[in-house]
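Examination of the molecular architecture
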Amino acid sequence: MCSYIVMKAALRDSSAKGPKGWMSVDTANVYYDHPTHAPLDHALGIDFINEAAGGRERVAVELSAESARELIKQIEAALANGEREHAIAIAANKAGAEACEYLT
Amino acid sequence: MAFEGLQTETVKFRGHNGDMSEAYFARPTGNKRVGGVVVIHGAGGWDEWVCETTRKFAHNGFAAIAPNFFVRLGEGSADDVAARARNAGGVSDAEVMGDVVGAIAFLRAQSTVNGKIGVTGYCSGGRATYLAACTIPNLQAAIDCWGGNVVVNDPSAITPKRPVAPIDLSANITAPLMGLFGNDDMNPSRADVDKTEATLKHLGKSFEFHRYDGAGHNFLNYHGPGYRLAPAKDGWSKIFTFFGKHLG
């Protein structure tokens, strides 16, 4: 929309891989504007940058609105699955440790 | 008249605050004195299409200069530098107008420029073109191509970098103005263009607007999906006729 409206997501302990390899990123700039490469009038753009380091390098994606919504769903699903499995694993480890302690 | 020979180069010039800036400059070969055109890029930055457009003006008999308005943001590919500009909330109107004034001075200093200057731009560069017509004296013509936010409907769009709605300065326009718009565009919307048209009419300004059905934003730009052949052909014809009339 040529609006320069950018939503900023603060990121912690996060990294992205670009043409020069891995870099730490602290900000995701999210916008809906004319894309550079995607064959659309408007696309959801995300630039992963390291603002603290000047923000000159970026890892960028341009997604159709439909694709962006699908991505949001799958991010939520992956987090839910991953955190559930992680919780189960922690509980199992804890139970195992307690059993070992009891036996000894 | 189309010129077969062109001279193109990247040049340095003094822009806003005397900053050293850079621009792509294209002109017909030979010593014929021709009108000058400042080409103002949009949010996409100083990209290949802007340089191609600058050459197109030269091919059609004008000395054209396209400043890099993102020059202060460092080097890199056009889209990466444009991303930095977006991250910074764009560049300020003061910087853009200062750089346009510097580019005009560069053109007027060329022995092959006849002293008549037109300004044109695309997307946010269209808005800058309208602003230039309102604020820079001694322009001979201006062509706003789908400039969004000339009319500001959302007060949050008024920022320290863009402190005025250009339409509010319309009374200051002295140069003949042309506008090209796609009727499917969302920014500027049909209602925005209606409002600008009504304002210019009310003020008695010399202007002509051309509005195309089946076209949206960016319909001259064949690098993107917004390109529309018929409006583009008609639009370019009108652009060269308009500048030919006022800059010849």
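Residues numbered from 1 in each chain as written. Chains lettered and ligands numbered in written order. Predicted model: local features only at pLDDT ≥ 70, side-chain atom pairs only at ≥ 80, totals over all residues.

The number of helices and strands found in chain B is six helices and eight strands. Counting from the amino terminus, helix and strand elements in chain B follow one another as β-β-β-α-β-α-α-β-α-β-β-α-β-α. In terms of overall size, chain B behaves like a compact globule, its C-alpha atoms giving a radius of gyration of 17 Å where 248 residues would be expected to give roughly 18 Å. By its C-alpha atoms, chain B is 45 × 35 × 35 Å across when sized along the principal axes. Burial analysis of chain B (248 residues in total) assigns 51% to the buried set. (Helix = DSSP H or I, 4+ residues; strand = E, 2+ residues; numbered from the N terminus. Rg over C-alpha atoms; globule rule 2.2 N^0.38 Å. Buried ≥ 20, exposed ≤ 12 C-beta atoms within 10 Å, placed from the backbone.)

All names here are of chain B. It is at 10 Å that the axes of helix α3 (residues 93-108) and helix α4 (residues 124-135) come closest, and there the two elements cross at 70°. Relative to α4, the element α3 lies roughly perpendicular. You can see that α3 and α4 cross each other, and the crossing is right-handed. Residues D93, V96, M97 and V100 of α3 touch α4, and the partners they reach there are A128, L131, A132 and T135. Tallied by class, the residues present in the contact of α3 with α4 amount to six nonpolar, one polar and one charged. (Axes fitted to C-alpha atoms, helices over the stretch in contact; angles between N-to-C directions. Parallel < 35°, antiparallel > 145°, perpendicular 65-115°, else oblique. Left-handed = near helix turned anticlockwise from the far one by under 90°. Contact = placed C-beta atoms within 7 Å. Nonpolar A, V, L, I, M, F, W, Y, C, P; charged D, E, K, R; others polar.)

Another aspect to go through is the domain arrangement of chain A. The figure often quoted for interface size is the accessible area lost as the parts come together. For chain A, the assigned domains read domain 1 (1-63) and domain 2 (65-104). Centre-to-centre, using C-alpha coordinates, domain 1 of chain A lies 28 Å away from domain 2 of chain A. (Domains from an automatic or database assignment.)

The next point concerns the nonpolar core. Counting 72 residues, the largest nonpolar core has V38, A64, I65 and A133 of chain B as its most contacted members. Among residues more than four places away in sequence, those in contact with I65 of chain B are A23, F25, V38, V39, A103, F106 and L107 of chain B. (Core = buried A, V, L, I, M, F, W, Y, C linked by C-beta atoms within 7 Å.)

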